[in-house]
Amino acid sequence: MAVLIRNEVFSCFVFYGVLLVMKMYIVAIITGQVRLRKKAFANPEDSLRHGGLQYHREDPYVERCRRAHINDMENILPFLFLGAIYSMTGPCLAVARLHFLIFFVARMLHTFAYLLALQAPTRSLAYIVAQIPCVSMALQILIAVAAYA
């Protein structure tokens with residue numbers, strides 16, 4: 001592990017990766033808090049605990065938060081895989097940092113756009129921008145390992 005941490009690119013990736021995982025936890029907490037505030041529970045046992053079965057229902061803002069969290073899982077988890085492997089291919093630190101930073105900033109913007117219902121196409125543009133470094137890393141990984149296929 002100490003060898004990986006001494007790898008500047010991998011350490012840079014870990015920094016942004018941990019920030020993104022923390023962001024995912026925060027969105028999950030926000031979703032739970034909104035459920036409590038709106039009294040909109042996904043499971044009957046939770047609604048019974050908080051006032052009755054009438055609260056076993058959906059709420060548009062709870063669903064918005066939930067979709068933001070699901071979208072994070074669909075995008076951040078692949079980034080974590082790609083970034084870790086990409087870090088091992090020996091990329092230039094400045095280029096790798098740019099990949100990680102662009103993804104991080106775009107995902108933060110995507111989350112704010114989702115949770116705050118910002119005007120379209122803010123969320124879509126943030127999504128597209130975040131995909132650019134992922135596609136770039138994936139292609140560079142494939143090029144690096146193609147000889148072994």
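All values derive from a computational prediction rather than experimental measurement.

Relative to the elements of secondary structure, R107 occurs in helix α5 (residues 93-115). Among all residues touching R107, those that are not within four sequence positions of it are L20, K23, N71, D72, N75, I76, Y127 and A130.

Per the stated rule, a full pass over the model turns up zero disulfides. With no disulfide of its own, C12 lies 11 Å from the sulfur of C92, the closest cysteine sulfur. Among the residues examined, C12 registers a relative accessible area of 9% and is labelled buried. You can call C92 partly exposed: its relative accessible area is 47%.

Within this numbering scheme, the UniProt entry marks residues 13-31, 76-94 and 125-148 as carrying the feature "transmembrane region" (unreviewed entry). Between the end C-alpha atoms of residues 76-94 there is a gap of 21 Å, over a span that is 74% helix and 0% strand.

Let's shift gears to the pattern of salt bridges. Once the charged atoms of two side chains with opposite charge are near each other, the side chains can pair. One pass over the structure, following the stated rule, counts three salt bridges. In this structure, R107 and D72 form a salt bridge, with 2.8 Å as the shortest nitrogen-oxygen distance. One end of the pair, R107, is in helix α5; the other, D72, is in helix α4 (residues 60-87), and 35 residues separate them in sequence. Residue class for R107 comes out buried when judged on its relative accessible area of 0%. The class for D72 is buried, based on a relative accessible area of 0%. Each of K23, D72 and R107 takes part in a single network of salt bridges with overlapping partners.

On to the nonpolar core. In this structure, F79, F100, F103 and M137 are the most contacted members of the largest nonpolar core, which totals 21 residues. Listed by contribution, the elements that provide at least two residues to this core are α2 (8-38), α4, α5 and α6 (122-145). No other element matches the seven residues that α2 contributes to this core. The contacts of F100, once residues within four sequence positions are left out, are V9, C12, F13, Y16, F79, G83, Y86, S87 and M137. With eight residues, the next largest nonpolar core counts V62, A68, Y114 and L115 among its residues.

Turning our eyes to something else, we now look at a nonpolar patch on the surface. A cluster of nonpolar side chains, contributed by V135, L139, L142, I143, V145 and Y148, occupies part of the molecular surface with about 680 Å² of accessible area. With respect to the helices and strands, the residue I143 is situated in helix α6. Under the relative-accessibility criterion, I143 is labelled exposed at 68%.

Rules behind the numbers
Residues numbered from 1 in each chain as written. Predicted model: local features only at pLDDT ≥ 70, side-chain atom pairs only at ≥ 80, totals over all residues. Heavy atoms only, no water. Helix = DSSP H or I, 4+ residues; strand = E, 2+ residues; numbered from the N terminus. Contact = heavy atoms within 4.5 Å. Disulfide = S-S within 2.5 Å. Buried < 20%, exposed > 50% of the residue type's maximum accessible area, 1.4 Å probe, protein only. UniProt positions renumbered as here; feature names shortened; annotations may be inferred. Salt bridge = Lys/Arg side-chain N within 4 Å of Asp/Glu carboxyl O. Core = buried A, V, L, I, M, F, W, Y, C linked by side-chain atoms within 4.5 Å. Patch = residues over 30% accessible without salt bridge, like charges linked within 9 Å, V, L, I, M, F, W, Y side chains within 5 Å. Areas by Shrake-Rupley, 256 points an atom, 1.4 Å probe, with all protein chains shown as cover.

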